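So you can see what is in the structure, the chains are spelled out below.
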Amino acid sequence: MSKVLVIGCGGVASVAIAKICQCSEVFSEMCIASRTIAKCNEMKAKWQPTTSVKISTAKVDATSKDQLVALINSFKPDVVLHLGLPYHDLVIMDACVECKVNYVDTASYEPEDIDEPVWRAKYEKRVKEKGFVAYFDYSDQWERNDAFKNIGKMALLGGGFDPGVTNVFIAYAKKHYFDTIDYVDILDCNGGDHGYPFATNFNPEINLREVSAPGDYYENGKWVGVPAMSVKRVYNFPEVGEKDMYLLHHEEIESLTTNFPEIKRMRFFMTFGQSYLTHMKCLENVGMLSTIPIDFEGHKIVPIQFLKALLPDPSTLGPRTVGKTNIGCIFTGVKDGKKRTLYIYNVCDHQECYKEVGSQAISYTTGVPAMISAAMVATGTWKGNGVFNLENFDPDPFMDMLNKYGLPWNVQENPVLVD
Ligand code: NDP
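Computed from a prediction, not measured in an experiment: that's the story for all the values here.

Of the regular secondary structure elements, the chain holds 15 helices and 18 strands. Against the 2.2 N^0.38 benchmark of 22 Å for 419 residues, the chain shows a C-alpha radius of gyration of 20 Å, consistent with a compact globule. For the chain, the C-alpha atoms occupy an extent of roughly 55 × 55 × 45 Å along the three principal directions. Burial statistics for the chain: of 419 residues in total, 57% are counted as buried.

Encoded structure:
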């Protein structure tokens, strides 16, 4: 039986916490920690009556390694499940190394301040050498491989849906359906409607930074850059229907093309409605997406953080969001000398999620695999010393848990391909 320390109690964490409570065959104790202990206590009050998992709460500021180390040493978890912000990945990993404990997260590191000189120099070097311009990448986290090896523990990176389940889908396709995979398109479709003119489905700051950045894809060993939202396709998604989707950079392309060098081309598309794009462009044009602090009447404010305070909190979208998500991967490759195409995807209904755990499907599709990732590590089903991504392990036990814990998947032969 395992102890898990959950850092964060926002939209994604609230689902992972509910799912940890359902998974008492793996977890015996959970501590929920963030800066606002009242929110953690609310979560405890909501779920403790439903579960035998013993829940405690703590206040922690994840920018402080000392606070993290003190909390980890007092709770003594088997695994730390980081569901706060990607800005804190490195400090939490370092605290885990110091305390000799396993680590899981759902988003690759990006700095809060992209003008910090040491990070900026490293970034410029990466842009020159590797060619992709996104502010988030795995290099700083992969660099901690030896540190985790030396303590005999594991860090598992990107354990949400995308990255996360999409990585497992690829490992599963390779294990059961292909000798070689040549082309992969990852399609992330949210067919849900929350009724607001503009809101993001997960943390607005992280979300808007991601989608307003230039896009790219990987082809024949190189990254190919494209201006933000400049590559559009229309796809008819099973159980959702026809949607516009746009090419974005996404972090799993980096790990998957490293771990499956046979892949000739990998792209990532996400659906957006016209209203979302128009609002985003307008906010960008007036400077509201900027991460650089400005002086306003004697106060320093960061425009995107101010915007976050104005927008609906993603964790409150649950009751009003209707429709479905469809996230999956389309593969083209070869099996037994013959060309094969395959689509593996999950469909998730916003209102079904809300009925079950009180959250919309974006938090649900991330929180469920986050719990499963922590369970893979805590039970030793996935074993290793060092820093890993999800495609490094046997996909079958993870795929079984997806079916069991609310994200059943479908396999479709000969899907319509994206041109
Ligand atoms: P929220 O903004 O809802 O929650 C963030 C949480 O982090 C809050 O509970 C906040 O609590 C906590 N937090 C922020 N700063 C600190 C700090 N300094 N110390 C301790 N806790 C802190 O975000 P979401 O739940 O929407 O997203 C969580 C993560 O999931 C993000 O990293 C996001 O990128 C990732 N994600 C991954 C996806 C995937 O498929 N892989 C998809 C969607 C999201 P408090 O303010 O009390 O400190």
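There's more to say after this.
So, on to the pattern of salt bridges. For the coordinates displayed, the defined rule picks out 25 salt bridges. Salt-bridge contacts for Lys335 lead to Asp179; the nearest nitrogen and oxygen are separated by 3.6 Å. Of this pair, Lys335 sits in strand 15 (residues 324-335) while Asp179 is found in the loop between helix 8 (165-176) and strand 7 (180-190), placing the two residues 156 residues apart along the sequence. Given the relative accessible area of 24%, Lys335 is considered partly exposed. Between Glu352 and Lys355 there is a salt bridge, with the nearest N and O atoms lying 3.5 Å from each other. With Glu352 and Lys355 both in helix 13 (residues 350-357) and three residues apart, this pair spans about one turn of that helix. Judged by its relative accessible area of 48%, Glu352 is partly exposed. Each member of the salt-bridge network shares a partner with another, and the members are Asp115, Arg120 and Glu124.

Another point: the site of the ligand. Around the ligand, 27 residues are found, and the nearest of them are Ser34, Arg35, Thr36, Ala62 and Asn203. Here Ala62 contributes a backbone N or O atom positioned 2.7 Å from a nitrogen atom of the ligand. A distance of 3.0 Å separates an oxygen atom of the ligand from a polar atom in the backbone of Asp162. When isolated, the ligand has an accessible area of 910 Å², and the protein chains bury 92% of it.

When a strand is regular, its side chains alternate between the sheet's two faces. Among the eight residues of strand 2 (residues 27-34), six are classified as buried, and the element is accordingly described as predominantly covered. Bridge analysis of strand 1 (residues 2-7) against strand 2 gives six bridges, and the strand direction is parallel. Paired with Ile7 across the two strands is Ala33, which belongs to strand 2. Between strand 1 and its parallel partner strand 2, the chain crosses via helix 1 (residues 11-22), and the hand of that crossover is right-handed. Crossover strand 2 to strand 3 (residues 54-59) through helix 2 (residues 37-47) is right-handed.

Tallied over the entire structure, the rule returns zero disulfides. Here Cys31 stays unpaired: no disulfide links it, and the sulfur of Cys40, its closest cysteine neighbor, is 7.9 Å away. Taking relative accessible area as the criterion, Cys31 reaches 3% and is therefore assigned buried. Considering cysteine sulfurs only, Cys96 is the nearest to Cys99, which forms no disulfide, with 7.1 Å between them.

Pairing is parallel in the open sheet, where seven strands are placed in the order 3-2-1-4-5-6-17. The outermost strands of the open sheet, each flanked by one partner alone, are strand 3 and strand 17 (386-389). Each adjacent strand pair in this sheet contributes to an overall mean axis angle of 20 degrees, direction not counted. Note that strand 2 and strand 3 share six bridges and pair parallel. In the strand pairing of strand 3, Ile32 is matched with Thr57. Packed on one face of the sheet, helix 4 (residues 89-99) meets strand 1, strand 4 (79-82), strand 5 (102-105), strand 6 (154-157) and strand 17 and runs near 160 degrees to strand 5.

Moving on to the nonpolar core. One recurring pattern in soluble globular proteins is that nonpolar side chains are buried together. Phe27, Met30, Leu81 and Phe331 are the most contacted members of the largest nonpolar core, which has 98 residues in total. Broken down by element, this core gets its largest block of residues, eleven residues, from helix 14 (residues 361-378). Sequence-distant contacts of Met30, that is, excluding residues within four places in its chain, are made with Val4, Val6, Ile17, Ile20, Cys21, Val53, Lys54, Ile55, Ser56 and Phe75. Core analysis: the next-biggest nonpolar cluster, separate from the first, contains 28 residues, Leu68, Val91, Met93 and Val387 among them.

Here the structure, examined in full by the defined rule, presents 19 aromatic pairs. When the ring of Trp119 is compared with that of Tyr123, the centres are 5.0 Å apart and the planes differ by 20 degrees; the resulting orientation is stacked. One end of the pair, Trp119, and the other, Tyr123, are both in helix 5 (residues 117-129), four residues apart, so they sit about a helical turn from each other. We note that Trp119, like Tyr123, is buried. Put simply, the rings of Phe198, Tyr246, Phe272 and Tyr276 pair up and form one aromatic cluster.

What counts and what doesn't
- Residues numbered from 1 in each chain as written.
- Predicted model: local features only at pLDDT ≥ 70, side-chain atom pairs only at ≥ 80, totals over all residues.
- Heavy atoms only, no water.
- Helix = DSSP H or I, 4+ residues; strand = E, 2+ residues; numbered from the N terminus.
- Rg over C-alpha atoms; globule rule 2.2 N^0.38 Å.
- Buried < 20%, exposed > 50% of the residue type's maximum accessible area, 1.4 Å probe, protein only.
- Salt bridge = Lys/Arg side-chain N within 4 Å of Asp/Glu carboxyl O.
- Near = heavy atom within 4 Å.
- Polar contact = N/O pair within 3.5 Å; in protein donor to acceptor, adjacent residues only side chain to side chain.
- Areas by Shrake-Rupley, 256 points an atom, 1.4 Å probe, with all protein chains shown as cover.
- Pairing = 2+ DSSP bridges.
- Right-handed = clockwise from strand over helix to strand, strands pointing away.
- Disulfide = S-S within 2.5 Å.
- Axes fitted to C-alpha atoms, helices over the stretch in contact; angles between N-to-C directions.
- Contact = heavy atoms within 4.5 Å.
- Core = buried A, V, L, I, M, F, W, Y, C linked by side-chain atoms within 4.5 Å.
- Phe/Tyr/Trp six-rings, centres within 6.5 Å; stacked < 30°, edge-to-face > 60°.

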